[in-house]
Amino acid sequence: MHPCRFFLRRVNMKKILLGIVFASVGCWAQAQVKELRIISDDAVIEKLGARITKPKTAKDLIPAVRQAISLARQTADPRYLGQAQALIGSLWSSPQASYEVATLQATIEQSRHEFAQARKTLQSALARPSASHAQAWLTLATIERVQGNYKQAETACKSINASEAQLYAQACRLETQSMQGQWNEARDGFTALLRAERLPANQAWLLSLLAENEERAGKSDAALKHYALSLSFDNDGYTALAYADALLRQKQAAAAIKALQSQPSSDAVLIRRAQAYKMLGDPQFQSLADELNARFAAAALRQDSNAGHAREQALHALYVQGNAKAALDFAQTNLKLQREGIDWLIAIQSAEQLDAKAEKTKLLQAAAQTGLKDERLK
Amino acid sequence: MNFAFRQLLVSLLALLFSSIAWAHKASDAYVLLTQSAPQAPVQAQLAIALKDLDRAFDTLDANNDRALNFAEIKAALPEIERWAGQGMTLRCGANTLSLNWRYEALEQRSDGVFVRLTASTNTPCDTRNSMSLRYTLMQEIDADHRVIVSFKWQSSQASSAIKPSDAWQDLADQTKQGTGSKGSALSTLASFIKLGIEHIGSGADHIAFIICLVLSLALTLAREWKALLITITAFTLGHSITLISATLGWVGSPRWVEPVIALSIAVSAAFNLVKQRFTKFQSPAISAAIAASFGLVHGLGFSGAMTEAQLPEGALLWALAGFNIGVEIGQLLIIAVWSIVYWALHRWNGYQSWIVQGGSVALILLALYWFSQRIGWLA
């Protein structure tokens, strides 16, 4: 039994108030830090992630930063982003930085959800000479879509030199169209691109875009099918999360747990697992909830702006803590930054749970105003 | 496909997915500074993640199997202690105190296993006037690294997140001002008192319930004031228990809380009418029991505001105390306003029938309306 719970049982009723306060302070601290007893010299104490190859010359810098960003994405460990920035070092935000370095800086900023800063960095990157500006335009389009600026996203997609990155330019346009309700056009477009594609990683990616299109179109069965197929080509973390969310919306909790099986235990993954166990009435929910509470408490000590983490905070409040009021607040903060379907959904679900009908109507109107069309937003 | 373009493809794929959800937070180290008595030497603790040490020392994972065992860690400890010593310095007045770190333990945190080092300084230090820290560990390795410094001087306690830099950070100053949500105990207390008052003042249902509790009391009589005191204390006891339990996550805030709060108003208002007719129900003990048991439910309602408020971890006790005091002050303000109303109107002939009985009926209707609204009967 958890020592804190044992303590709670033994509290004398007369002293319950005092007992609660003191036990909590003790257990609170205990939950954060636990001293390890080491039994043997050989016991593995920590598993380490892949090492970044330290650049020896200026030429090695870009591959190293790229490796760090890609590891950050694979492992969902933000340490690699801090490392990527440290590698860029004095070239960060510097007029001396090349187009490539500035674009990578913007990618790091985008990953931290510092979208305004990333947009600025991209604008300065685009002003620098390069044989191709495709990557900067694509990153810019992604940011505009995440923030619900579909016209700007379209402009960015159209600026990509299509001869060089045709697949990406087309997918960029199709995804933007899909978000604005042109689901049939997007479906046809993605299907055509898929037919021509041979690389499994690209097929997986196109299938995930197609699945998202079907979700927006309200065809959840087709979406689930495409997500599953996409994951069979490439077990991508982002797709696995989207698949789990789609399954959870269909109350298929066991399948959602299975979909996340091999994913790194990011906050986002743990929240979905907790949500699924709660749905199943499985006692594993509680240990996951404890772990998530400890993580969010530790993250709060950093005193960063919380906005970048607000989507996960909203999900945590809504599905783990069962606190719709807090969830709605976090969801509103998050909407100032991110305006994808899921972001509106969290806010609307929180409002529904609070029975805040006026708030829900307001949210639906605000979502519609951006031009987003999504059958789930009702 | 040429090389540059293949590289573009690889990184493009990573970029195209819109928002990435991160594992945990970025890299943090934890420093705890304590001083038991004024002028006593300062004790220091530093906890740093093995994942960070691995990035600082290529040699830590000696066999390069990307798994650290205790033997590998032990072998690297002298080097780690030296490294920590050159990367963190304290200054007390004009004295720079270099720290002689010694390994103490390994500890599990939510973000992995950390090595904990301790060091004690020999020089007495007046921490209230000047105490500063220079921390440069991980500076060149991870731009997101922060050190979470907690300081416990005899009279004060605070914590703050510091970015590695060559500059001296004034800790005495941080203790005085507090920073953001991690302020000193007093600023936490003050901000949560404010939150408590605001919360009760902005919740029409809590106000209505308190009015119910005091509505039938004749506040010109001393014994009625005693009854008021008992009832309000009982209510406070009730809501404190559930508020604290919910804030600590021991009990949830189930969906029935809001409708039951509405119902509690109707029941208490109805009880006011019953009391007027049947004197045997006038015992303060019954009112107190009602107040205490509904207090339990209202406490769950209050907890939403606490959970929203991002509890400062080190100062949890202060936050809870502050919020409770705030709720208390709010209650007393409502009662004070009600007393004025009572003083102004109680001589009026129609007071009993219009204010007490009419008021109770109005509160029942209002409460039933809230109840049906919250349970979803009305649009």
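Just so you know, these numbers come straight off a predicted model, no measurement behind them. (Residues numbered from 1 in each chain as written. Chains lettered and ligands numbered in written order. Predicted model: local features only at pLDDT ≥ 70, side-chain atom pairs only at ≥ 80, totals over all residues. Heavy atoms only, no water.)

Engineer: Even after reading the chapter, I still don't get the overall build of chain A, so can you show me in this structure?
Structural biologist: Secondary structure assignment for chain A yields 20 helices and two strands. Here chain A holds 378 residues, and 54% of them are scored as buried. For chain A, contacts bridging at least 24 residues in sequence account for 54% of all contacts bridging at least 6. Approximately 17,000 Å² of chain A is accessible, and the part contributed by carbon and sulfur atoms is 54%. (Helix = DSSP H or I, 4+ residues; strand = E, 2+ residues; numbered from the N terminus. Buried < 20%, exposed > 50% of the residue type's maximum accessible area, 1.4 Å probe, protein only. Contact = heavy atoms within 4.5 Å. Areas by Shrake-Rupley, 256 points an atom, 1.4 Å probe, with all protein chains shown as cover.)

Engineer: Is there a simple way to explain the side chain of Glu154(A) in this structure?
Structural biologist: All names here are of chain A. Its location among the elements puts glutamate 154 in helix α8 (residues 150-158). The buried charged residue glutamate 154 lacks any salt bridge, with lysine 151 as its nearest oppositely charged partner at 4.2 Å. Leaving out residues up to four positions away in the same chain, glutamate 154 has contacts with Thr176 and Gln180. (Lys, Arg positive; Asp, Glu negative; His and termini not counted. Salt bridge = Lys/Arg side-chain N within 4 Å of Asp/Glu carboxyl O.)

Engineer: What should I look at first to understand the state of the cysteines in this one?
Structural biologist: Should the sulfur atoms of two cysteines be covalently bonded, the bond is a disulfide. Residue and element names in this part refer to chain A. The final tally for this structure, using the stated rule, is two disulfides over all chains. A sulfur-sulfur distance of 2.0 Å marks the disulfide that ties cysteine 157 to cysteine 172. Here the S-S torsion is close to -75°, and the disulfide linking cysteine 157 with cysteine 172 is therefore left-handed. Of this pair, cysteine 157 sits in helix α8 while cysteine 172 sits in helix α9 (residues 166-179), and the two are 15 residues apart along the sequence. Cysteine 172 shares its class with cysteine 157; the two are buried. (Disulfide = S-S within 2.5 Å.)

Engineer: Even after reading the chapter, I still don't get the packing of helix α3 (residues 61-75) of chain A against helix α5 (residues 99-111) of chain A, so can you show me in this structure?
Structural biologist: Between two packed helices, what matters for the description is the angle formed by their axes and the separation of those axes. All names here are of chain A. Interaxial distance between α3 and α5 falls to 11 Å at its minimum, and their mutual angle equals 15°. With respect to their mutual orientation, α3 and α5 come out roughly parallel. At the point where α3 passes α5, the crossing takes the left-handed sense. Packed against α3, whose contacting residues are Leu61, Ile62, Val65, Arg66 and Ile69, the element α5 presents Glu100, Val101, Leu104, Thr107 and Ile108 at the interface. Split into classes, the residues belonging to the contact of α3 with α5 amount to seven nonpolar, one polar and two charged. (Axes fitted to C-alpha atoms, helices over the stretch in contact; angles between N-to-C directions. Parallel < 35°, antiparallel > 145°, perpendicular 65-115°, else oblique. Left-handed = near helix turned anticlockwise from the far one by under 90°. Nonpolar A, V, L, I, M, F, W, Y, C, P; charged D, E, K, R; others polar.)

Engineer: What exactly am I supposed to notice about the confidence of the model for chain B here?
Structural biologist: Do not read the predicted coordinates in detail wherever pLDDT is low. Residues and elements named next belong to chain B. Averaged over every residue, the pLDDT of chain B is 81; residues scoring 70 or more account for 84%. Ranking the elements of chain B by mean pLDDT puts helix α1 (residues 3-16) last, at 45, and helix α2 (residues 50-56) first, at 96. pLDDT under 50 marks residues 1-23. Its contacts with residues more than four places away, or in other chains, come to 69 contacts. Under a pLDDT of 50 for its full length, residues 177-182 has, in the predicted model, 13 contacts with residues more than four places off or in other chains. The ipTM assigned to the predicted complex is 0.84, against a pTM of 0.68. (pLDDT = per-residue confidence, 0-100.)

Engineer: For this particular structure, what's the right way to read the pairing of strand β8 (residues 131-135) of chain B?
Structural biologist: Looking down a regular strand, the side chains alternate between one sheet face and the other. All names here are of chain B. Burial of β8 is extensive: four of the five residues sit out of reach of the surface. Two elements, strand β4 (residues 88-92) and β8, share five bridges in a ladder whose sense is antiparallel. For methionine 88, the partnering residue across the bridge sits in β8 and is tyrosine 135. (Pairing = 2+ DSSP bridges.)

Engineer: Can you walk me through the packing of aromatic side chains in this structure?
Structural biologist: Going through the model one piece at a time under the given rule, you end up with seven aromatic pairs over all chains. Between Tyr227(A) and Tyr243(A) the ring centres are 6.0 Å apart and the planes differ by 40°, which places this aromatic pair in the tilted class. Residue Tyr227(A) is located in helix α12 (residues 220-233), and its partner Tyr243(A) is located in helix α13 (residues 237-249); the two are separated by 16 residues in the primary sequence. Residue Tyr227(A) is classed as buried on the basis of its relative accessible area of 1%. Overall, Tyr243(A) belongs to the buried group, its relative accessible area being 16%. Here the aromatic residues Phe209(B), Phe235(B) and Phe294(B) are joined through ring pairs into a cluster of three or more. Above the ring of Trp168(B), the side-chain terminus of Arg91(B) is found at 4.3 Å from the ring centroid. (Phe/Tyr/Trp six-rings, centres within 6.5 Å; stacked < 30°, edge-to-face > 60°. Lys NZ or Arg CZ within 6 Å of the ring centre and 35° of its normal.)

Engineer: Sorry if this is basic, but what is going on with α5(A) here?
Structural biologist: In an α-helix, one full turn covers 3.6 residues, which means residues spaced three or four apart are oriented alike. Residue and element names in this part refer to chain A. With 13 residues, α5 should reach 18 Å at 1.5 Å per residue; the first-to-last C-alpha distance of 18 Å fits that figure. Burial runs high along α5: 12 of the 13 residues are buried. Among all positions of α5, only Tyr99, Val101, Ala102, Thr103, Leu104, Gln105, Ala106, Thr107, Ile108, Glu109, Gln110 and Ser111 are buried. Histidine 113 sits one or two positions beyond α5 and adopts a positive phi of about 65°. (Expected span 1.5 Å × (residues − 1).)

Engineer: Teacher, can you tell me more about the sheet that holds strand β11 (residues 165-170) of chain B here?
Structural biologist: To summarise the sheet geometry, strands pair through backbone hydrogen bonds and adopt either a parallel or an antiparallel arrangement. All names here are of chain B. Taken together, four strands build an open sheet; the order of strands is β5-β4-β8-β11 and the sheet is antiparallel. Edge positions in the sheet fall to β5 (95-98) and β11, since each has one partner strand and no second. On average, each strand axis in the sheet is tilted by 25° relative to the strand beside it, whichever way the strands run. Packed onto the sheet, helix α3 (residues 70-87) meets β4 and β8 and runs at close to 45° relative to β4.

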